[in-house]
Amino acid sequence: MVRKTLILSTSLFVLLLFLGGCSDPKPEPFKTGEIGPKEYDPEVWGQTYPLHYESWLKTQDPKPAGKSRYKKGWDDDKIVYDKLSEFPFLGLLYNGWGFGIEYNEPRGHFYALVDQLEIDPKRVAPGGACLGCKTPVHREMVETHGLDYLKKPFLEAVAMLPEKLQKLGPACYDCHQANPMTLTTKKAHLEKGLAMIGKTEPSRQELRSLACAQCHITYVVPRDESMKVAGDITLPWKNAKWGDISIERIIEDLLSDYSRQEWTQKVTGFKMPFIRHPEFEVFSKGSVHFNAGVACADCHMPFTRSGAYKISDHDVTSPLKADLRACAQCHTQSKEWLTERIHHTQDRTASLILRAGYSTATCAKLFEALHNVKANGAGVDSKIYDQAKDFYMQAFLRLVFINAENSTGFHNPAEAGRILGDSIAFAGKCEALQRQLLAGAGLDPGLEVALEAGKYLNNRGKKGLNFKPEQEVKDPFGTQGQFLSDTAKGL
Ligand code: HEC
Ligand code: HEC
Ligand code: HEC
Ligand code: HEC
C-alpha cells in the first residue's frame, strides 16, 4: 500500500515535471499587472488569460449523456434530473420547504446563479444570504450592507449586485489572486471555518481542495428565534479538526441551538437543521485519496491541451463525463477498470441510501400517527418519545449528509457506508420505540407503514412539478423491495 502510494506519487511528480518543464505543449505564460485587486468580471481576466476564460466558459455547455450512472445533471440529452424523483422519500422528508418543491442534480458552474433565478422561489426564500456560495461580490456586499442585504428578498438582493455580474457564479476572483497570479480563497465563511478547525496557512496542494471547499461544504443560514435570517452563512464545524470534520461533530453543532433550525418539516412538525453538499467534509474525512495528498482539482481540473498550450481544465465537471482523463495522471489501470470501481462504490452507496431514506421516512410517518394519537388525548410517555425523536434526527441528518454529497459515495466509500449504516440503525431504533408508544395508545400501524409518497411528489410548487417515474433510482441489488412494497411506498 505504502509502496504503491510512493510509486503513484513518484509518477505524479515525474508527470508534473514532464508537464511543467520540457514538453510541448507549453504552459500558458503568466502575465501580471493587468487585473485589479477587486476585479470580479471574468471577461476582464479573460483579456490576460484567454485560454482559461474559454475553458471556464465551457461549464455552460451540456456534457455527453450516458457517461455517468448517478450524476446525470444536465447532459446533451438536455434532461434536467429531479432529485426528488430519483429518491422519492425525499419528497416526504423535505415537505415543508424549498428543497421539497424543486431540487435538481447539479450542472456546470456557469449556471450556479442562473439556476437560483430559475428555480422555484421557495428555494431562495432566505434572500440575499443565498448568494453566499454564488456571487463573488457577496463578501463586499455583506461588508457594505450587512443584514439589509442578507435579509433582502432574493431578487432584490440580486438587483443590488453590479448589473453585469447579476448572473455570475464561481469566478476567477473566487479562486485567484491576480498579482501575482496564485490560487487562493476569498469566502469569509470558509476563512472562519478554517480558523475553527485550526487550519492556518494551507499549502498549495491544500488550496487545490480549499478553492472548491468555498462552496462544496455544508453551511447554515443562521436564524433568530422566529426563524428569520439572522446573519451570513456559517459552517457547523465547531469542535471539528482538519481531516476530521465528522458527521458526529456536525450533528452536535447543528443540534446545539435554535440558530441552526432553518425549516419546519411538515409531516412531523419538527423544526429542523439541514445539510447541503458536504463534498469537502466527506472527502477529507480520511478517504484513501485525501490521505494520499490528492486534491479536488487533481480529479476535476486535470491538465488539458489548449492550442499550443496546456492548462488546468477549468471546465469543471464529473470525471466520468471527461472520460477519466484526470485519473490517468496517477493510475495506469484502464478506463473500464476505473469506471467499474466507481460504479462498484456508487451502486452500494445508492442501495444503502434507499434503505436509510425509506427507514427514516417510515419514522416520519409514525411521528405523524403519534401526533394524531396525542391530539386525540391519548397519553404518550415523554421520555420514550424524546428518545425516539433524538434517534430520528440522528438518522435523518446522516441520510441527508450522504445523499446531498454529490459523488454517490465515491469521494469516501468506507465513510459513506459507515454513516448510512448508522442512519439505518438509528431509524430502526426509532421505529421500535414509536411502535411501543403506539401500542401503548392502542394503535397498530400494521406491518408496513403507508408512506403516501405520491402525495408529496405531485403538483409541486409554482411549476406544478410531478414525479418522473423513469428517473427513479432503483436498488441495484434489488434488496429494497423486500423491506417496502410498492403499495406501501404509495407512488
Ligand atoms: C463559488 C462557489 C463554487 C466554487 C468555488 C466551486 N463550486 Fe463547484 N459548483 C457550485 C455550484 C453552485 C454548483 C451547481 C451549479 C448548478 O447546478 O447550477 C457546482 C457544480 C459543480 C460540479 C457539477 C458540474 C456538472 O457538470 O454537473 C462539479 C463537478 C463541481 N462543482 C466541482 C467543483 C470543484 C472541483 C471546485 C474547485 C476547483 C468547485 N466546484 C468550486 C459552486 C462552486
Ligand atoms: C480521486 C478523484 C476525485 C477527487 C479527489 C474528488 N472527486 Fe469529486 N468526483 C469524483 C468522481 C469519480 C465523481 C462521480 C462522478 C459521477 O458520478 O458522474 C465525483 C463527483 C463530484 C461531484 C458531482 C459531479 C456531478 O456531475 O454532479 C462534485 C460536485 C464533486 N465531485 C466535487 C468534488 C470536490 C469539491 C472535491 C474535493 C473536496 C472532489 N470532488 C474530489 C472524483 C473525485
Ligand atoms: C473554482 C476555482 C477556480 C476558478 C473559478 C478559476 N480557477 Fe483558475 N485555477 C484553479 C486551480 C485549482 C488551478 C490550478 C492552480 C495550481 O495548482 O496552483 C488554476 C490555475 C489557473 C492558472 C494557472 C495555469 C494553469 O492552467 O494551471 C490560470 C492562469 C488561471 N487558473 C486562470 C483563471 C481564470 C482566468 C479564471 C476565470 C475565467 C479562473 N482561473 C477561474 C481554480 C479556479
Ligand atoms: C493525484 C493522483 C491521483 C488521481 C488523480 C487519482 N487517484 Fe486514485 N489513487 C491515488 C492513490 C495515491 C491511491 C492509493 C493507492 C494505493 O495505496 O493503493 C488511489 C487509490 C484509488 C483507488 C482504490 C481506493 C481504495 O479505496 O482502496 C481507486 C478505486 C481509485 N484510486 C480510483 C480513482 C479514480 C476513478 C480517479 C479519477 C476520477 C482517481 N483515482 C484519481 C492517486 C490518484
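Reading guide: rules and limits
Residues numbered from 1 in each chain as written. Chains lettered and ligands numbered in written order. Predicted model: local features only at pLDDT ≥ 70, side-chain atom pairs only at ≥ 80, totals over all residues. Helix = DSSP H or I, 4+ residues; strand = E, 2+ residues; numbered from the N terminus. Rg over C-alpha atoms; globule rule 2.2 N^0.38 Å. Buried ≥ 20, exposed ≤ 12 C-beta atoms within 10 Å, placed from the backbone. Near = placed C-beta within 6 Å. Nonpolar A, V, L, I, M, F, W, Y, C, P; charged D, E, K, R; others polar. Axes fitted to C-alpha atoms, helices over the stretch in contact; angles between N-to-C directions. Parallel < 35°, antiparallel > 145°, perpendicular 65-115°, else oblique. Left-handed = near helix turned anticlockwise from the far one by under 90°. Contact = placed C-beta atoms within 7 Å. pLDDT = per-residue confidence, 0-100. Expected span 1.5 Å × (residues − 1). Pairing = 2+ DSSP bridges. Core = buried A, V, L, I, M, F, W, Y, C linked by C-beta atoms within 7 Å. Arc of directions from axis to C-beta.

## Some remarks on the overall build of the protein
Here's step 1: When its secondary structure is counted, the protein shows 21 helices and seven strands.
Here's step 2: For the protein, whose C-alpha radius of gyration is 23 Å, the value lies close to the compact-globule estimate of 23 Å for 491 residues.
Here's step 3: Dimensions of the protein along its principal axes, counting C-alpha atoms only, are 80 × 50 × 45 Å.
Here's step 4: Among the 491 residues that make up the protein, the fraction classed as buried is 42%.

## Details of the site of ligand 2
Here's step 1: Near ligand 2 there are 28 residues, and of these Ser68, Cys296, Cys299, Ser318 and Asn406 occur at the shortest range.
Here's step 2: Looking at the shell around ligand 2, the elements that each hand over two or more residues are helix H12 (204-213), helix H14 (279-284) and helix H16 (296-300).
Here's step 3: If you tally residues by element for the shell around ligand 2, the top one is H16, at four residues.

## Focus: the site of ligand 1
Here's step 1: Around ligand 1 there are 24 residues in total, and Asp115, Cys212, Cys215, His300 and Thr317 lie nearest to it.
Here's step 2: Sorting the residues of the shell around ligand 1 by element identifies helix H6 (112-118), H12 and H16 as the ones contributing at least two each.
Here's step 3: At three residues, the largest contribution of residues to the shell around ligand 1 is made by H16.
Here's step 4: Here the shell around ligand 1 is composed, by residue class, of twelve nonpolar, eight polar and four charged.

## Observations concerning the packing of helix H13 (residues 247-254) against helix H18 (residues 382-404)
Here's step 1: One way to put it is that H13 packs onto H18 with a least axis distance of 11 Å and a crossing angle of 120 degrees. When the interaxial angle is binned, H13 and H18 end up oblique. The handedness of the crossing between H13 and H18 comes out as right-handed. Residues Ile247, Ile251 and Leu254 of H13 lie in contact with H18, whose contacting residues are Gln394, Leu397, Arg398 and Phe401.

## Digging into the environment of Thr184
Here's step 1: Locating Thr184 in the fold gives a position in the loop between strand E3 (182-183) and helix H11 (188-196).
Here's step 2: Separated by 27 residues in sequence, Thr184 and Ala211 have C-alpha atoms that sit 6.5 Å apart.
Here's step 3: In contact with Thr184, not counting residues within four places along its chain, are Cys175, His176, Gln177 and Leu207.

## Observations concerning the environment of Tyr173
Here's step 1: Its place among the elements puts Tyr173 in helix H10 (residues 172-175).
Here's step 2: Using a count of 23 C-beta atoms within 10 Å as the deciding quantity, one classes Tyr173 as buried.
Here's step 3: A C-alpha to C-alpha distance of 43 Å links Tyr173 and Phe426, two positions 253 residues apart in sequence.

## Concerning the confidence of the model for the protein
Here's step 1: Per-chain confidence: the protein averages 93 in pLDDT, with 93% of residues scoring 70 or above.
Here's step 2: Segment residues 1-23 is flagged for pLDDT under 50; beyond a separation of four residues in sequence, or across chains, it makes ten contacts in the model.

## Regarding helix H17 (residues 335-375)
Here's step 1: Over its 41 residues, H17 extends 59 Å from the first C-alpha to the last, a length consistent with the 60 Å expected when each residue adds 1.5 Å.
Here's step 2: One or two steps after H17, the chain reaches Gly377, where phi turns positive at roughly 95 degrees.

## Focus: the pairing of strand E7 (residues 309-312)
Here's step 1: Note: strand E6 (residues 303-306) against E7, four bridges, orientation antiparallel. Residue pairing in the sheet places Ser306 in a bridge with Tyr309 of E7.
Here's step 2: As consecutive antiparallel partners, E6 and E7 are separated by two residues, and within that stretch Gly307 has a phi angle of approximately 60 degrees, a positive value.

## Describing the nonpolar core
Here's step 1: Ranked by size, the top nonpolar core spans 111 residues in total, and within it Leu92, Ala395 and Cys430 carry the most contacts.
Here's step 2: Here the element with the most residues in this core is H17; it accounts for 13 residues.
Here's step 3: With near-sequence residues (within four places) excluded, Leu92 lies in contact with Val267, Ala361, Ala364, Leu451, Ala453 and Tyr456.

## A word on H13
Here's step 1: Turning to H13, its buried residues are Ile247, Ile250, Asp253 and Leu254. The arc that holds every buried residue of H13, seen down its axis, measures 125 degrees, which confines them to one face.
Here's step 2: In this structure, the buried residues of H13 make contact with H14, H18 and helix H19 (413-440).

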